[in-house]
Amino acid sequence: MKNELEKHITEALISLGIEVTKGVVVERPADSTHGDWSSTVALAYAKQAKKAPLALGESLVAILKEKNIQHVKDISLLHPGFINITLTSEYYTERIKDILLKGKEGEVSGEFKGKRVMVEYTDPNPFKVFHIGHLMNNTIGESIACLMSAGGADVVRANYQGDVGLHVAKAIWGMRQSRPAFPEDTDDLKTKMTFVSNAYAYGASQYESDEQAKKDIDAINKEVYTRENEDINVYYDKGRAWSLEHFEEVYALLGTKFDIYYFESEVATKGVEIVRKHIGTVFEESNGAVIYRGEKNGLHTRVFINSQGLPTYDGKDIGLTWRKEETDPSDISVVVSAEEQKEYYKVLVSAIREIDPAISEKMRHVTHGMMQGPDGTKLSSRKGTALTGESLIEEVEELVWEKLRERDMSEEDKREVMQAVSVGAVKYSILRSKTSSNIAFDFDKSISFEGDSGPYLQYTAVRARSVLDKAGSQFLADATPVFEEVGKALYLLLDKFEEVVVRSQRELEPHHIATYAIELASAFNAFYANTPILNVPETPSRLALVHAVELVLTHSLSLLGIRVPKKM
């Protein structure tokens, strides 16, 4: 409807001999008594028309009324020149019918419809823990992938994992020092990963404090690439396999299933090849290393191949970019990373632009901030210990379980709810803010069943579904949308859903969906508290409205990667 109204206003301006140089914007007014849509176009073009805004507005309103625009009930003018438009009740009933027809996962066409979009996210490193940054990255990346899919894009979920590099050498050195405590193949995965992470921590500390350890680790780093040392290979293969198996457990918990995995070990050689091929044109040699001088483009210099001849993170990213083109070329390539990589990524894209401008044009970068405690300090467990991504979810699960302990539900249902609510609580806490923002995570607020939280949204969706269940299948089948003023806030919000999704797709910002979902849930709960739904003459129309709310709220949560449990 927004596009339709903007088109008609543009035509009205042109008919008055006004050149539409600034475009035309139609927005929803903050005060719903001023209509369903509003435009300040009379104020924007008054000077060009050589009229007072009110006079220009009167002319435009007259022209628009003559058009008899479908679904427009009234057009009025408000001082000093706001054009306010009210839609017919039939328009809103048609929108509800459309929502009911589409169901929970109806496509919301945007600018990415029909395009192949690769979203690379999470990117944990084998031999290291799945930390909170990976949890944030996964949550944001999964939501962006869901948004793109909802817009009709062919989405490829990709995961790039650092299975070579100095961190691997540090872990292997630590594993070799701890040989007596090396896990048995029959040990559980948690025991194996505890061993690997402790080995990495020990190797990392010794690398900084022990010169001989540093030399040994640097030597291991080379051997990891060449795979010429069988003893090193044994540690490497076991540690890598355990790590990847563990990550899959975490992905399953978070509801993510990747389509393709890339590894640094697979792209390193390609990266070196491409960088060396462009020495003298894009890159240059410096003290035995190969660098890119970003200062020529207002950036900074970075090393792509170090003095030992090994690719840096930068060089491997060059190889990754071309590997993506070879294995799964896309129209758009989105990469999610931490905010501190923002300037690095600019240098990478600048270098790629000089090698192949067409590839650089596809690239989009989404950055995320850090997760902190409610007071802005480093986030720790409730006992003051350091948190990993999975341990954060485990702590939230404990809190949710305490709330569920006395509920009249089976143990199986309680555990299903606990997992869905815990993951939803963490994900919503991340997605409720702009992606680049730091997150202030509060354990108690995150699991609240009231207010601005994931569980509140899940509970509202379950509440709407329970109303439908009480009505029964036959009663629900008779539900017919009929606009009522008492439900207008819901009608307005349901009509807004698609434009919010399109904006989130365009900006790669899931927080717009989170904000919208809270608005819809709050409006529904107010409606539920103050409006009889069952056993009244208006029941058929109100059931249709409740059903539409349940569908859209569930869809909104799915776009955030949050699952709605069957009961709560």
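Keep in mind that what you see is a predicted model, and the values were worked out from it rather than measured.

A. Quick peek at the pairing of strand β2 (residues 72-78). Note: β2 against strand β3 (residues 82-87), six bridges, orientation antiparallel. Bridge pairing in β3 places D74 opposite T86. Between β2 and the antiparallel strand that follows it, β3, lie three residues; G81 among them carries a positive phi value of about 155°.

B. Focus on the sheet that holds strand β10 (residues 332-338). The parallel open sheet is built from five strands, whose spatial order is β6-β5-β4-β10-β11. The open sheet is flanked by β6 (260-263) and β11 (363-368), the only strands paired with a single partner. Strand-to-strand, the axes of this sheet are offset by a mean angle of 25°, without reference to chain direction. One ladder, built from four bridges, connects strand β5 (residues 154-161) with β6; its direction is parallel. Of the residues in β6, the one forming a bridge with A158 is I260. Helix-sheet contacts for helix α5 (residues 132-150) involve β4 (116-120), β5, β10 and β11, and the interaxial angle to β5 is about 165°. In the packing of helix α10 (residues 264-277) onto the sheet, the strands contacted are β5 and β6, and the crossing angle to β6 comes to about 60°.

C. Layout of the pattern of salt bridges. Counting across every chain of the model gives 39 salt bridges. For K7, the salt bridge goes to E4, with nearest N and O atoms at 3.8 Å. Of the two residues, K7 and E4 both sit in helix α1 (residues 2-15), three residues apart, roughly one turn of that helix. By relative accessible area, K7 is classed as partly exposed at 40%. Among the residues examined, E4 registers a relative accessible area of 35% and is labelled partly exposed. In this structure, K270 and E273 form a salt bridge, with 3.9 Å as the shortest nitrogen-oxygen distance. Remark: E273 and K270 occur in helix α10; sequence separation between them is three residues, near one turn of the helix. Each of R28, R95, D98, K102, D495, E498 and E499 takes part in a single network of salt bridges with overlapping partners.

Calculation notes
- Residues numbered from 1 in each chain as written.
- Predicted model: local features only at pLDDT ≥ 70, side-chain atom pairs only at ≥ 80, totals over all residues.
- Heavy atoms only, no water.
- Pairing = 2+ DSSP bridges.
- Helix = DSSP H or I, 4+ residues; strand = E, 2+ residues; numbered from the N terminus.
- Axes fitted to C-alpha atoms, helices over the stretch in contact; angles between N-to-C directions.
- Contact = heavy atoms within 4.5 Å.
- Salt bridge = Lys/Arg side-chain N within 4 Å of Asp/Glu carboxyl O.
- Buried < 20%, exposed > 50% of the residue type's maximum accessible area, 1.4 Å probe, protein only.

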